[in-house]
Amino acid sequence: MTSHSFVSMKIVLISVLSSFLLAASAGNFYQDFDITWGDGRANILNNGQSLTLSLDKTSGSGFRSKNQYLFGKIDMQLKLVSGNSAGTVTAYYLSSLGSAHDEIDFEFLGNLSGDPYILHTNVFTQGKGNREQQFYLWFDPTKDFHTYSILWNPQTIIFSVDGTPIREFKNLESNGIPFPKNQPMWIYSSLWNADDWATRGGLVKTDWSQAPFTASYRNFSAQACIWSSGSSSCSSKNSSSNSWLSESLGTTGQQRIQWVQKNYMIYNYCTDTKRFPQGFPSECSLA
């Protein structure tokens with residue numbers, strides 16, 4: 001065998017192996033999620049590689065992870081409802097159950113054709129939310145798939161879009177501020193009608209002549225601690241593969257968040273004086 005042939009074969013083998021590893025690490029919607037509501041409006045496609053949610057005047061639809069997680073690095077690619085999506089909300093979030101639940105939210109608020117989506121984020125701790133930050137995106141989220149990520153570890157929660165961090169909620173328990181760290185959470189997503197508030201405070205209603213509305217999902221990935229029967233799948237033995245458990249924003253990450261918040265943030269609860277006339281929540285000054 002010539003050296004050229006050997007090199008060519010090596011490249012092919014590496015390519016095949018890389019493809020196998022990628023496939024092995026990619027999520028499968030049949031294996032990872034249960035469709036929880038929608039009466040046929042949610043569909044898993046392409047042998048489990050993609051999923052769609054639909055909304056019409058009768059009902060929306062949604063799904064939930066089979067596993068609960070206590071900390072994780074969660075990625076999902078979404079392509080949002082196109083055209084006139086006013087009144088619709090596509091929600092993608094982590095949540096536990098009960099009145100004192102914890103929750104980490106991405107919500108995508110639809111809009112009239114040509115007007116931008118609003119990305120709405122929130123963090124609930126022990127049943128208390130009211131920590132909304134909202135953003136425009138620097139691209140059209142209906143034209144292609146984009147990656148929306150949540151890093152949740154004992155030190156911080158970081159929201160990212162296509163690898164760019166947009167928001168951080170730090171663990172400030174030492175200052176008396178609760179942080180989600182004790183309640184395992186499921187991953188949820190749903191597409192539903194919220195035209196009483198979603199678009200311009202409810203002034204713009206859903207145009208049902210445009211239904212069904214459809215959002216698409218692919219490439220789910222979870223580097224995460226699965227919680228089952230009262231114990232976590234993470235341990236010190238595999239700490240090297242769980243580097244995300246101690247991951248934090250470096251200087252570059254902080255600069256990128258500042259860039260996003262300067263150019264694309266449209267609402268921040270930490271600057272809403274009308275809402276908090278007696279003073280902002282304490283994390284606003286500490287973060």
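Considerations on the environment of Asp32
Here is step 1 of the chain: Following the sequence through the fold, Asp32 ends up in helix H2 (residues 29–32).
Here is step 2 of the chain: A residue is classified by how much of its surface remains accessible, and Asp32, at 17% relative accessible area, is buried.
Here is step 3 of the chain: For the pair formed by Asp32 and Arg64, sequence separation is 32 residues and the distance between their alpha carbons is 8.6 Å.
Here is step 4 of the chain: Among residues more than four places away in sequence, those in contact with Asp32 are Gly27, Arg64, Ser65, Lys66 and Phe220.

A short note on the side chain of Asn153
Here is step 1 of the chain: Inspection of the secondary structure assignment puts Asn153 in the loop between strand S10 (146–152) and strand S11 (156–161).
Here is step 2 of the chain: Separated by 2.9 Å, the side chain of Asn153 and the backbone oxygen of Trp244 make a polar contact.
Here is step 3 of the chain: Apart from the residues lying within four places of it in its own chain, the contact partners of Asn153 are Phe71, Phe179, Trp244, Leu245, Ser246 and Glu247.

What about the layout of surface pockets?
Here is step 1 of the chain: Of the pockets and cavities examined, the largest pocket occupies roughly 340 Å³.
Here is step 2 of the chain: Where the lining of the largest pocket is concerned, the elements lending two or more residues are strand S12 (164–170), helix H3 (251–263) and helix H4 (282–286).
Here is step 3 of the chain: Counted by class, the lining of the largest pocket contains seven nonpolar, five polar and four charged residues.

Here is what the cut-offs are and how they apply
Residues numbered from 1 in each chain as written. Predicted model: local features only at pLDDT ≥ 70, side-chain atom pairs only at ≥ 80, totals over all residues. Heavy atoms only, no water. Helix = DSSP H or I, 4+ residues; strand = E, 2+ residues; numbered from the N terminus. Buried < 20%, exposed > 50% of the residue type's maximum accessible area, 1.4 Å probe, protein only. Contact = heavy atoms within 4.5 Å. Polar contact = N/O pair within 3.5 Å; in protein donor to acceptor, adjacent residues only side chain to side chain. 1 Å grid on protein atoms, 1.4 Å probe; cavity = no way out; pocket = protein on both sides within 12 Å on 5 of 7 lines; lining within 4 Å. Points joined across faces, edges and corners; volume = space filled by probe spheres on them. Nonpolar A, V, L, I, M, F, W, Y, C, P; charged D, E, K, R; others polar.

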